[in-house]
Amino acid sequence: MTSLVVQTSFLGDMVLTTPLLARLARRGPVDVVATPQSAPLLTGHPAVRDVIVYDKRGGARGWRGLLRAARAIRSRAGGEPRGVTVAYLAQGSLRSATLVAVAGVGERVGFASSAGRRLYTRAVPFDRTQHHAERLWRLASTDDDAPDAPLHPRLYPSSNDHAAAASLLATSGVAPGAPILVVAPGSVWATKRWPHYRSLAIALATDPRTAKARLVVLGSAADTGIARTIAEGMQSIGAALPIDATGRLPLLASAALLARAGAIVTNDSLPLHLASAMGTPTVALFGPTTPDMGFGPLAPHADALGVQGLACRPCHAHGPQACPLGHWRCMEELSVARVIDAVADVMRVTR
Ligand code: SF4
């Protein structure tokens, strides 16, 4: 059986799709339709035969782009038929469902709650109580089976990715094997960005439980400003400056860096899922979203923190750009002391 998985959602969703990919790979070849942004996450993934890049908002926008992608689903490079027998719609839009229907895939499986459900041949319940990795994994179930062990996403950085991460650390004076701690202060959604990373960095540098570890700030180029703010805070107390990795590492090199880290503190954002894939002890900070929405950490040693007792939480599927109530208590009131205690706890378990 040849499977096709359509996953054109956010980068974190692609990471959470990897347990489904591994499950399907036990049945036969697996091809994946991905965005140009998320396709690199699957480089070297042993469960994946081919990645079909579908730039649905760029060069492949509109009907012509969809038809081109449908042709790519029908045939591999060189004209060999792919022979896809089942398509799994991990992303539930009508466009994705149309894509695989136009490509002639006879069996189309997706969530019963998805916009494209009318084009599915089998609809699977979307259980809001499950982790999203498990929801995706269950797309491949024909009965009510459950995973027999906790699901862990997996990514496979190459030796070049590991070398890029090691080189960044070495050029910043970190010896091989020396402890590092990672903070990932960014998020596309403003209300998900915990506002106390500068204070946390100072606390990490002065707390005897964490002070030996060199701090690394991980994120995209958009996070360079907060990395600078963190560095200014550490400079003000004479601590070693953090290593600014924002915008400097490709996705899988970022994953390689996390494989090397003693722990990460992250918002509800991509680095949380990269850490889950690499088994990095994780402290995840949730504000306008909550872990029970299905996107909590899956690393073996992890803690998810949030302000309890706020009637307004969660207030949004992703996190609004501004707090609709104006006070942003879900993040403002999440204290540095709680976070640093959680870091010390998850670190203690493994490293
Ligand atoms: S409404 Fe509540 S949960 Fe939403 S951003 Fe504001 S404080 Fe946070």
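Only a predicted model underlies this, so the values are computations on that prediction, with no experimental measurement involved.

A. View of the domain arrangement of the protein chain. In terms of domain boundaries, the protein chain breaks down into domain 1 (2-140) and domain 2 (160-350). Between the C-alpha centres of domain 1 and domain 2 the distance comes to 30 Å. Taken together, the 16 residues of domain 1 in the interface contact 14 residues of domain 2. When the two sides are added together, the surface that domain 1 and domain 2 hide from each other amounts to roughly 1,100 Å², 76% of it contributed by carbon and sulfur.

B. Structural context of the pattern of salt bridges. Under the definition given, this model contains 11 salt bridges. Of the charged contacts, one joins Arg76 and Asp50 as a salt bridge, the two residues approaching to 2.8 Å between their closest N and O atoms. Of this pair, Arg76 sits in the loop between helix H2 (62-74) and strand E4 (84-89) while Asp50 is found in strand E3 (residues 50-53), placing the two residues 26 residues apart along the sequence. The partner of Asp50 in a salt bridge is Arg82, with the nearest N and O atoms 3.1 Å apart. Of the two residues, Asp50 is situated in strand E3 and Arg82 in the loop between H2 and E4; the sequence distance between them amounts to 32 residues. Of the two residues, Asp50 and Arg82, both sit in the buried class. Among the ionic contacts, a cluster of salt bridges with common partners joins Asp31, Arg49, Asp50, Arg76, Glu80 and Arg82.

C. Highlighting the pairing of strand E5 (residues 107-111). Of all five residues in E5, four are buried, a share of seventy percent or more. Taking the sense of rotation as the criterion, the β-α-β connection linking E4, helix H3 (residues 94-102) and E5 turns out right-handed. Here E5 pairs with strand E6 (residues 122-124) via three bridges, running parallel. Directly across from Phe111, in E6, lies its bridge partner Val124.

D. Highlighting a nonpolar patch on the surface. Taken together, the side chains of Trp63, Leu67 and Val102 make up a nonpolar region of the molecular surface, amounting to roughly 290 Å² of accessible area. Of note, Val102 is situated in helix H3.

E. Molecular detail of the packing of helix H1 (residues 11-25) against helix H9 (residues 270-278). Running from N to C, H1 and H9 cross one another at 20 degrees; their axes reach a closest spacing of 8 Å. Classified by the interaxial angle, the pair formed by H1 and H9 is roughly parallel. Crossing of H1 against H9: the hand is left-handed. Touching Leu11, Gly12, Val15 and Leu16 of H1 are Leu270, His273, Leu274 and Ala277, all from H9. Grouping the amino acids of the contact of H1 with H9 by side-chain chemistry returns six nonpolar, two polar and no charged.

F. Local environment of unusual backbone geometry. For the bond from Arg313 to Pro314, the omega torsion is -15 degrees, close enough to zero to count as cis. Checked against the element boundaries, Pro314 lands in the loop between strand E12 (302-305) and helix H10 (329-332).

G. Molecular detail of the sheet that holds strand E10 (residues 263-267). Spatial ordering of the open sheet is given by E9-E8-E7-E10-E11-E12, a layout of six strands whose pairing is parallel. Two strands close off the open sheet at either side, each with one partner strand: strand E9 (243-244) and E12. Here strand E7 (residues 180-184) runs beside E10; their pairing, made up of four bridges, is parallel. Bridge pairing in E10 places Leu181 opposite Ala263. Across the sheet, helix H6 (residues 197-206) is in contact with E7, strand E8 (214-217), E10 and strand E11 (282-285); its angle to E7 comes to roughly 170 degrees.

Thresholds, definitions, all that
Each chain carries its own residue numbering, running from 1 in the written order of its sequence. Reporting of local features is limited, given that this is a predicted model, to residues whose pLDDT is at least 70; pairs of side-chain atoms are given and counted only at 80 or more, and all residues count toward the totals for whole chains, interfaces and linings. Side-chain metrics rest on all non-hydrogen atoms present in the structure, leaving aside hydrogens and water. Here the bounds of each domain stem from an automatic or database domain assignment. We call two residues contacting when some pair of their heavy atoms lies within 4.5 Å. Summed over both partners, the accessible area lost on bringing two parts together, with a 1.4 Å probe, is the buried area. A carboxyl oxygen of Asp or Glu within 4 Å of a side-chain nitrogen of Lys or Arg is what we treat as a salt bridge. A run of DSSP states H or I qualifies as a helix once it reaches four residues; a run of E qualifies as a strand once it reaches two. Both are numbered from the N-terminal end. Exposure classes here rest on a 1.4 Å probe applied to the protein chains alone. A residue is buried below 20% of its type maximum, exposed above 50%, and partly exposed in between. Crossovers are described as right-handed under a simple rule: with the strands pointing away from the observer, the path leading from the first strand over the helix to the second runs clockwise. Between any two strands, pairing holds if DSSP finds at least two bridges. Like-charged residues are merged into a patch within 9 Å and nonpolar side chains (Val, Leu, Ile, Met, Phe, Trp, Tyr) within 5 Å, provided each residue has over 30% relative accessible area and no salt bridge. Only the protein chains shown count as covering a residue, and every accessible area follows the Shrake-Rupley method with a 1.4 Å probe. Only C-alpha atoms enter the line fits that serve as axes; for helices the fit covers just the stretch in contact. Angles between N-to-C directions range over 0 to 180 degrees. Here the angle decides the label: under 35 degrees means roughly parallel, over 145 means roughly antiparallel, 65 to 115 means roughly perpendicular, and every other value means oblique. Crossings are sorted by hand: turned counterclockwise from the far helix by less than a right angle, the near helix makes the crossing left-handed, and turned clockwise it makes it right-handed. The residue classification treats Ala, Val, Leu, Ile, Met, Phe, Trp, Tyr, Cys and Pro as nonpolar and Asp, Glu, Lys and Arg as charged. All others, Gly included, are polar.

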